[in-house]
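Each chain is listed here by its residues.
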Amino acid sequence: MTLATTAAHLTAHAPTAAAETHGFLSPTGVEIAFLLVGLVTFGAAIVTVTTRQLVHAALWLVVTLGGLAVEYLLLTAEFIAWVQVLIYVGSVVVLLLFGLMLTRAPIGRSPDADSGNRWAALTVAVAAAAALVWVVVDAFRTTWIDLDGPAAGSTEATGASLFQNWVLPFEALSVLLLAALVGAIVLSRKAKAGAATAAESTPAARSEKSPRSEKGPRSEKEGTS
Amino acid sequence: MHLAYPAVLSALLFCTGLYGVLARRNAILVLMSVELMLNAVNLNLVAFDVWLSKTAEETLHSGQALTLFTIAIAAAEIGIGLAIVLAVHRNRGTADIDKLRDTSELHDPDGPDSDALAAEQSGEAQKAEATA
């Protein structure tokens, strides 16, 4: 079926059928659960961007990402939910905590966690939120997701579509992940080690090697102080 | 389920992340806010994919596939971003975005890295002076 006929089919049937079977003021159990988990998620996100304790921000981010995983489960996208738990809660937050520790983030309240333009940022964010929520609610007022029947995001459906229609982007993504891995290693190794190996490879520069290698820990210490 | 619930939650999360990106000062907190914005987009993609997979006759499940790609790219992004933040912290001694005004390391008169570079380029006499 082409897109135009699908759209015509939707416009012909969806609002009337939806208005018959759904009501605004009679939410289903899934909607109530979605709303409650959404409130927890949104509150945790607010705390994440406003708390002054940096480690607490990372831990509230765990609550936010976990809440989003529950929302994915409520939307019957189970595979995405478990990927979210594994990658975000499992690795990204751990990476962020490592980053906080390695940059010597202060334990406890840090008074300069927010910059001076926070009121401008608050204005922009509230204006964007008001505009987006207004547009979204106005656009999808009469649209309902049908959650009955077979799950739309089961592992079987996701895997079939991923490996039937999305194989080439999937493989390209693996190359991108490899490039990111190599890039992160190159960025995070010390530049002095690269200079030392370059000096070792050329025998003429061997005499200059010793001051460089002695200078390494000094500038390192000075940089982190 | 009403489609407005996930759409509104996604919009609110995106604006929360927007506030965090604009108002935070630590680079790692900015990265956390970027993660929030990416997750808001993911929620939108999943919700609309579930909606379309029931209303349209045939679907590629493009929303869920793109969500998986976004998650992988976000993981790569957070790895690269943290490596950059750690390199900046090693060179400048701070991860504070408001203090990172210079794009170049060389013309910073009182930065901790400039004298190390100068000592590296010159000879043994300056090295003795620098370690003293």
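Residues numbered from 1 in each chain as written. Chains lettered and ligands numbered in written order. Predicted model: local features only at pLDDT ≥ 70, side-chain atom pairs only at ≥ 80, totals over all residues. Heavy atoms only, no water.

Peer 1: I'm lost on the packing of aromatic side chains in this one. Help?
Peer 2: Aromatic rings considered in pairs are described by the distance between their centres and by the relative angle of their planes. Using the criterion set out here, one finds 5 aromatic pairs over all chains in the structure. When the ring of A:Phe140 is compared with that of B:Trp51, the centres are 6.5 Å apart and the planes differ by 70 degrees; the resulting orientation is edge-to-face. Here A:Phe140 is found in the loop between helix H5 (118-139) and helix H6 (155-165), whereas its partner B:Trp51 is found in helix H2 (residues 27-55) on a different chain. Take A:Phe140 and B:Trp51: they sit in the same class, and that class is buried. Between the aromatic rings of B:Phe48 and B:Trp51, the centroid separation amounts to 5.9 Å while the plane-to-plane angle is 80 degrees, which identifies the pairing as edge-to-face. Here the residue B:Phe48 and the residue B:Trp51 both occupy positions in helix H2, the gap between them amounting to 3 residues, near one helical turn. Of the residues examined, B:Phe48 reaches a relative accessible area of 21% and is grouped as partly exposed. A relative accessible area of 17% places B:Trp51 in the buried class. Among the aromatic residues, those joined into a cluster by ring pairs are A:Phe140, B:Phe48 and B:Trp51. (Phe/Tyr/Trp six-rings, centres within 6.5 Å; stacked < 30°, edge-to-face > 60°. Helix = DSSP H or I, 4+ residues; strand = E, 2+ residues; numbered from the N terminus. Buried < 20%, exposed > 50% of the residue type's maximum accessible area, 1.4 Å probe, protein only.)

Peer 1: Explain the UniProt feature "transmembrane region" (unreviewed entry) in chain A to me, please; I cannot follow it from the model alone.
Peer 2: Residue and element names in this part refer to chain A. Residues annotated by UniProt as "transmembrane region" (unreviewed entry) correspond here to residues 29-50, 57-75, 81-107, 119-137 and 166-187. End-to-end, the C-alpha atoms of residues 29-50 are 32 Å apart, and along that stretch the chain is 100% helix and 0% strand. Helix makes up 95% of residues 166-187 and strand 0%, with an end-to-end C-alpha separation of 31 Å. (UniProt positions renumbered as here; feature names shortened; annotations may be inferred.)

Peer 1: For this particular structure, what's the right way to read helix H1 (residues 4-23) of chain B?
Peer 2: Each α-helix turn comprises 3.6 residues. Residues three or four places apart therefore point the same way. With 20 residues, H1(B) extends 28 Å from end C-alpha to end C-alpha; this agrees with the ideal 28 Å at 1.5 Å per step. Most of H1(B) is tucked away, with 15 of its 20 residues classed as buried. (Expected span 1.5 Å × (residues − 1).)

Peer 1: Hey, could you run me through unusual backbone geometry in this one?
Peer 2: Trans is the common state for peptide bonds, and a negative phi is the common state for residues other than glycine. Of note, the phi angle at A:Thr76 is positive, near 65 degrees, even though the residue is not glycine. Here A:Thr76 is to be found in the loop between helix H3 (54-74) and helix H4 (78-102).

Peer 1: When you look at the environment of A:Gly66 in this model, what are you seeing that I'm missing?
Peer 2: Inspection of the secondary structure puts A:Gly66 in helix H3. Residues A:Gly66 and A:Glu156 lie 90 residues apart in sequence; the distance between their C-alpha atoms is 23 Å.

Peer 1: Before we go on, may I ask you to explain the UniProt feature "transmembrane region" (unreviewed entry) in chain B in this structure?
Peer 2: In the numbering adopted here, UniProt assigns the feature "transmembrane region" (unreviewed entry) to residues 65-88 of chain B. Helix makes up 100% of residues 65-88 of chain B and strand 0%, and the two end C-alpha atoms of the span are 34 Å apart.

Peer 1: Would you take a moment to explain the interface of chain B and chain A for this structure?
Peer 2: The extent of an interface is frequently quoted as the accessible surface area lost upon association of the parts. Listed per partner, the contact involves 83 residues of chain B and 100 residues of chain A. Across the chain B to chain A interface the summed buried area is about 8,200 Å²; carbon plus sulfur atoms make up 74%. Counting across the chain B and chain A interface gives 0 salt bridges. Where chain B touches chain A, the interface holds 18 residue pairs in polar contact (both at pLDDT 80 or more). For the side of chain B that touches chain A, the secondary-structure elements that each account for two or more residues are H1, H2, helix H3 (62-92), helix H4 (114-121) and helix H5 (124-131) of chain B. Top element by residues in the side of chain B that touches chain A is H3(B). It accounts for 24 residues. (Contact = heavy atoms within 4.5 Å. Buried area = accessible area lost by both parts, 1.4 Å probe. Salt bridge = Lys/Arg side-chain N within 4 Å of Asp/Glu carboxyl O. Polar contact = N/O pair within 3.5 Å; in protein donor to acceptor, adjacent residues only side chain to side chain.)

Peer 1: Is there a simple way to think about the side chain of B:Arg24 in this case?
Peer 2: Inspection of the secondary structure puts B:Arg24 in the loop between H1 and H2. Looking at B:Arg24, the relative accessible area reads 3%, which means it is buried. At 3.0 Å, the side chain of B:Arg24 and the backbone oxygen of A:Thr48 are in polar contact. Not counting chain neighbours up to four residues away, the residues in contact with B:Arg24 comprise A:Thr48, A:Val49, A:Thr50, A:Thr51, A:Ala113, A:Asp114, A:Ser115, B:Tyr19, B:Leu29, B:Val30 and B:Ser33.

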